Amino acid sequence: MRGRKPVVVAAAVVAGLCLGTGVAAAGGSAKPGSDGAGDSYYPQDGNGGYDVADYNLKVTYDPASRRLTGDQDIAARATQSLSSFNLDLHGLTVDSVKVDGRDAKFGRTGDHELVITPSRALWRGQRFQVRITYHGVPAPIDDPALGNNGWQFARAGGAFVAGEPKSATTWYPVNDTPRDKATFHLAITVPDEWGVIANGRERGTHKAPGGTTHVWAEETPIVPYLTTVAIDKWTFDRQTRRDGTPIVSAFAPGVPDSTKQAEARLPEILDFLESKFGAYPVDAAGGIFLNEQIGFSLETMSRPIYSAGWAGTVPTIVHENAHQWYGDSVAVEHWRDVCLNECFASYATWLWDEAKEGVDLNKQYADDVKKASTAFWNGKLYDMGAGNEFTYVYSKGPMMLHALRNYIGERAFSWVLKTWPSLHRDGNASVPDFQRFTEFAAHRSLQGFFDAWVYGTGKPADEYLFPGGLKPAA
């Protein structure tokens, strides 16, 4: 081996010379990273050419003026040789950008692209740091089909972040795609009279100029739209699971006692969901209960956020926490795969009713089939189109899963429910992936079933509509 040493040394010298002149020595010539992650519904969301490992935000927010200032550090790795790369950011003014401690050029294109050109090209495989300072008054994205997404203002003066498929881009620069998970650290300073809750575990508070800094850390890799922060005059409830997982829930002024009593059952709910889906995959738990009617609740990781009114009930809490397995730990590969989130979380409420309330799910299913309309059967569970993701997955979705349970048998179905989240933990998956895995569990092709229920439209044939112990309603 000694004979090859001069070649190695020479290669190292050439590499050093290349890096010193800003040339990407490994992976070919540098080029811009793509300005989108390529999702078929939202092709410009997210970016290409790099993978984020961690977001570390230091934010100051003044509820009176609604002004936010941010100082952000991003740890990432280049997946190609990069002459420039993009982040997503709606509104807000960027003041400075540094890459690996050196000033970088930056500009804005489109409605949310922040284009960064480092002073030296990045080579494929290189780990790099980005520091961004920015400020402004954040505002939600008004989506005609999906409503407000992102940073929103509470009537009492506080603020909160909630939205799907977009929300993070309204308050920090981000690679806004479900396919790029990262850990998330937040230190947010607000006036003393305001409280803060966010994802993950509490890391303490300390006095700061202008108020109090609240520190939170989500160490489970998280999809950007699942990050949140909420500012209000909260009442906190803190519990601990038997395994030591901290549970922190926050209730806005005016939230009724019935909602607090429902959330008090969260340890029981998580125990039940573990019995169905396997070990809890996140490092903390809890809930954020608004006194705002926002039209939806959302499975923000480790700490779902709930609308006022109808959302503060046990079934909704079951649904949003089932997402910690189906949707959060295992995220969609593309937005056309959203049934992997919503169909399963919706079926979790069926399983809860079966176990805790004695509901006969076969009868419930038969009654639902009898009432279903042509429009219902034509609702798609896969590749339903942008803006139509959050429709039939809540109603037809759990029926499909109950039919699948009867089609492949209880043993195989239970094994799939529990093994799938473990297999894809902290990753992404698609509906075709789930089909193949279920076929493995069932030891047979399920193409006919998936064509009838998932990929196609129309009422399934009786072979797939009433398999196993299922029968039409009398």
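Residues numbered from 1 in each chain as written. Predicted model: local features only at pLDDT ≥ 70, side-chain atom pairs only at ≥ 80, totals over all residues. Heavy atoms only, no water.

Looking up the protein in an unreviewed UniProt entry gives the name Aminopeptidase N, with the organism given as Amycolatopsis rifamycinica. Quoted straight from UniProt, the Catalytic activity (unreviewed entry) entry for the protein says "Release of an N-terminal amino acid, Xaa-|-Yaa- from a peptide, amide or arylamide. Xaa is preferably Ala, but may be most amino acids including Pro (slow action). When a terminal hydrophobic residue is followed by a prolyl residue, the two may be released as an intact Xaa-Pro dipeptide." (UniProt positions renumbered as here; feature names shortened; annotations may be inferred.)

Asker: Describe the overall build of the protein, listing the residues and the values that go with them.
Answerer: Of the regular secondary structure elements, the protein holds 12 helices and 22 strands. The C-alpha radius of gyration computed for the protein amounts to 24 Å, which stays within 12% of the reference 23 Å derived for 474 residues, consistent with globular compactness. Viewed in the frame of its principal axes, the protein has a C-alpha envelope of about 80 × 65 × 45 Å. Relative to its 474 residues, the protein shows a buried fraction of 57%. Partitioning the contacts of the protein with sequence separation of at least 6, the portion at a separation of at least 24 is 67%. Element-wise, carbon and sulfur atoms account for 52% of the exposed surface of the protein, whose accessible area totals about 18900 Å². Both charge centroids of the protein, one from 46 positive and one from 55 negative side chains, sit 6 Å from each other. (Helix = DSSP H or I, 4+ residues; strand = E, 2+ residues; numbered from the N terminus. Rg over C-alpha atoms; globule rule 2.2 N^0.38 Å. Buried < 20%, exposed > 50% of the residue type's maximum accessible area, 1.4 Å probe, protein only. Contact = heavy atoms within 4.5 Å. Areas by Shrake-Rupley, 256 points an atom, 1.4 Å probe, with all protein chains shown as cover. Lys, Arg positive; Asp, Glu negative; His and termini not counted. Charge placed at Lys NZ, Arg CZ, Asp CG, Glu CD.)

Asker: Just give me the short version of the sheet that holds strand S17 (residues 235–240), but keep the residues and values in it.
Answerer: Read from one edge to the other, the open sheet built from four strands follows the order S17-S18-S19-S20, with strand pairing classed as mixed. Across the chains shown, the open sheet's two edge strands, defined by having one partner strand only, are S17 and strand S20 (305–306). Pairing between strand S18 (residues 246–251) and strand S19 (residues 285–289): five bridges, direction parallel. What sits directly across from phenylalanine 251, in S19, is phenylalanine 289. (Pairing = 2+ DSSP bridges.)

Asker: Got a sec to walk through the environment of asparagine 362? Specific residues and values, please.
Answerer: Inspection of the secondary structure puts asparagine 362 in helix H6 (residues 361–371). Along the backbone, asparagine 362 and glycine 469 are 107 residues apart, and their C-alpha atoms lie at a distance of 7.7 Å. Those residues in contact with asparagine 362 that lie beyond four places of it in its chain are His402, Asn406, Gly469 and Leu470. A distance of 2.8 Å separates the side chain of asparagine 362 from the side chain of histidine 402, its partner in a polar contact. (Polar contact = N/O pair within 3.5 Å; in protein donor to acceptor, adjacent residues only side chain to side chain.)

Asker: Residues and numbers for the nonpolar core, please.
Answerer: Counting 141 residues, the largest nonpolar core has Ile116, Ile132, Trp171, Tyr365 and Trp453 as its most contacted members. Considering every element that reaches this core, the biggest residue donor is helix H5 (residues 339–356), with 10 residues. Look past the residues within four positions of tryptophan 171 in its chain and what remains in contact with it is Leu57, Leu68, Leu92, Tyr134, Trp151, Val161, Phe184, Leu186, Thr227, Thr228 and Val229. (Core = buried A, V, L, I, M, F, W, Y, C linked by side-chain atoms within 4.5 Å.)

Asker: How would you summarise the packing of aromatic side chains if you had to cite specific residues and measurements?
Answerer: Evaluated as defined, the whole model comprises 35 aromatic pairs. Arranged with centres 5.1 Å apart and planes meeting at 20°, the rings of phenylalanine 251 and phenylalanine 289 form a pair that is stacked. Linking phenylalanine 251 in strand S18 with phenylalanine 289 in strand S19, this pair joins segments that are 38 residues apart in sequence. Take phenylalanine 251 and phenylalanine 289: they sit in the same class, and that class is buried. On the basis of an interplanar angle of 55° and a centroid distance of 5.7 Å, the ring pair of tyrosine 407 and tyrosine 464 is categorised as tilted. In this pair, tyrosine 407 sits in helix H8 (residues 396–408) while tyrosine 464 sits in helix H12 (residues 462–465), placing the two residues 57 residues apart along the sequence. Taking the relative accessible area as the measure of exposure, tyrosine 407 reaches 16% and is therefore buried. In this structure, arginine 444 is placed above the aromatic ring of tyrosine 407, and the distance from its NZ or CZ to the ring centre is 4.5 Å. (Phe/Tyr/Trp six-rings, centres within 6.5 Å; stacked < 30°, edge-to-face > 60°. Lys NZ or Arg CZ within 6 Å of the ring centre and 35° of its normal.)

Asker: Can you lay out the side chain of histidine 319 for me, pointing to particular residues and giving the numbers?
Answerer: Among the secondary structure elements, histidine 319 is positioned in helix H4 (residues 314–322). For histidine 319, a relative accessible area of 10% corresponds to the buried category. Among the polar contacts made by the side chain of histidine 319, one reaches the side chain of histidine 323 at a distance of 3.3 Å. One polar contact links the side chain of histidine 319 to the main-chain carbonyl oxygen of alanine 345, over a distance of 3.5 Å. Non-local contacts of histidine 319, meaning those with residues more than four positions away in its chain, are made with Glu342, Ala345, Ser346, Thr349 and Tyr394.

Asker: So, the UniProt feature "domain: Peptidase M1 membrane alanine aminopeptidase" (unreviewed entry) in the protein: which residues are in play, and what are the values?
Answerer: In the numbering used here, UniProt assigns the "domain: Peptidase M1 membrane alanine aminopeptidase" (unreviewed entry) feature to residues 315–453. Split by type, residues 315–453 is 63% helix and 4% strand. Its first and last C-alpha atoms lie 25 Å apart.

Asker: Before we move on, can you summarise H5 with the specific residues and values?
Answerer: Since the α-helix turns once every 3.6 residues, residues separated by three or four places project in the same direction. Between its first and last C-alpha atoms H5 spans 25 Å; for 18 residues at 1.5 Å apiece the expected length is 26 Å, and the two agree. Taking burial as the measure, the 18 residues of H5 include 14 buried ones, the bulk of the element. Two residues or fewer past H5, glycine 358 is found with a positive phi of approximately 70°. (Expected span 1.5 Å × (residues − 1).)

Asker: Any chance you could break down the sheet that holds strand S3 (residues 85–88) for me, citing the residues and the numbers?
Answerer: Strand order in the open sheet formed by three strands is S3-S7-S6, with antiparallel pairing between adjacent strands. Strands at the two margins of the open sheet, each flanked by one partner only, are S3 and strand S6 (105–109). Each neighbouring strand pair of the sheet contributes to a mean axis angle of 30°, computed without reference to strand direction. Of the strand pairs in this sheet, S3 and strand S7 (residues 113–117) are connected by four bridges, and their pairing is antiparallel. Bridging from a neighbouring strand, aspartate 88 pairs with glutamate 113 of S7. (Axes fitted to C-alpha atoms, helices over the stretch in contact; angles between N-to-C directions.)

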